[in-house]
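Residue-level structural notes
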Amino acid sequence: MKLSANGWSHLGLRVTNLARAKRFYVDTLGCPLVRETERVVFVNVSGMLIALIGADAHTPGEDHFDPFRVGLDHLALAVEDSSQLEDMQRELDAAGVRNNGVEEDPGTHRLYISFYDPDDIAWELYAVSTRPTV
């Protein structure tokens with residue numbers, strides 16, 4: 001078998017409270033709302049369609065995101081200019097969004113900031129220069 005696809009369609013994130021997740025992604029982060037139903041809210045995050053899927057009968061009542069379980073660890077978005085990270089930290093702090101501040105990746109020595117949505121799903125903004133090196 002050979003997987004044959006021409007790109008991403010969307011990424012689905014299960015959330016415990018759909019209204020709260022919508023407020024965070026649309027109002028706090030400023031992600032454009034694409035479409036919503038009773039059970040799913042689609043937002044555009046840097047060109048990727050993210051489906052926020054509400055809890056249902058199969059979702060454990062006190063469930064929460066755990067990056068140490070098998071599955072999703074975190075989501076990372078690239079930014080070209082590392083100065084954007086300090087701006088983002090100020091905005092996250094002002095909005096009361098939990099974050100770890102600007103840090104340096106010990107392996108790549110690139111700067112990044114990690115922050116968490118209301119379900120503790122971890123996101124990163126990672127400074128990756130797309131400029132050619134001379």
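Residues numbered from 1 in each chain as written. Predicted model: local features only at pLDDT ≥ 70, side-chain atom pairs only at ≥ 80, totals over all residues. Heavy atoms only, no water.

Take the overall build of the protein chain next. A count of helical and extended segments in the protein chain gives 2 helices and 8 strands. Start at the N end of the protein chain and walk to the C end: the helices and strands fall as β-α-β-β-β-β-α-β-β-β. Based on the C-alpha atoms only, the size of the protein chain along its principal axes is roughly 55 × 45 × 30 Å. Every one of the 134 residues in the protein chain was classed for burial, and the buried ones make up 31%. Sequence separation of 24 or more characterises 48% of the internal contacts of the protein chain that already satisfy a separation of 6 or more. For the protein chain, the exposed area adds up to about 9100 Å²; of that, 51% sits on carbon and sulfur atoms. Between the centroid of the 12 positive side chains of the protein chain and the centroid of its 21 negative side chains there is a distance of 7 Å. (Helix = DSSP H or I, 4+ residues; strand = E, 2+ residues; numbered from the N terminus. Buried < 20%, exposed > 50% of the residue type's maximum accessible area, 1.4 Å probe, protein only. Contact = heavy atoms within 4.5 Å. Areas by Shrake-Rupley, 256 points an atom, 1.4 Å probe, with all protein chains shown as cover. Lys, Arg positive; Asp, Glu negative; His and termini not counted. Charge placed at Lys NZ, Arg CZ, Asp CG, Glu CD.)

Strand order in this open sheet of 4 strands is S1-S4-S3-S2, and the pairing throughout is mixed. Each having just a single partner strand, strand S1 (11–15) and strand S2 (33–36) make up the two edges of the open sheet. Direction aside, neighbouring strands of the sheet carry axes that sit 25° apart on average. As judged from the 3 bridges shared by S2 and strand S3 (residues 40–45), these two strands associate in the antiparallel manner. Pairing of Leu33 across the sheet is with Val43, part of S3. (Pairing = 2+ DSSP bridges. Axes fitted to C-alpha atoms, helices over the stretch in contact; angles between N-to-C directions.)

This paragraph deals with the sheet that holds strand S7 (residues 111–116). Spatially, the 4 strands line up as an open sheet ordered S5-S8-S7-S6, and their pairing is mixed. One side of each edge strand has no neighbouring strand; the edge strands of this open sheet are strand S5 (75–79) and strand S6 (99–104). For this sheet the average axis-to-axis angle between neighbouring strands, irrespective of direction, equals 20°. The pairing of S6 with S7 spans 4 bridges and is antiparallel. Bridging across to S7, Asn99 finds its partner in Phe115.

Structural measurements only, silent on function.
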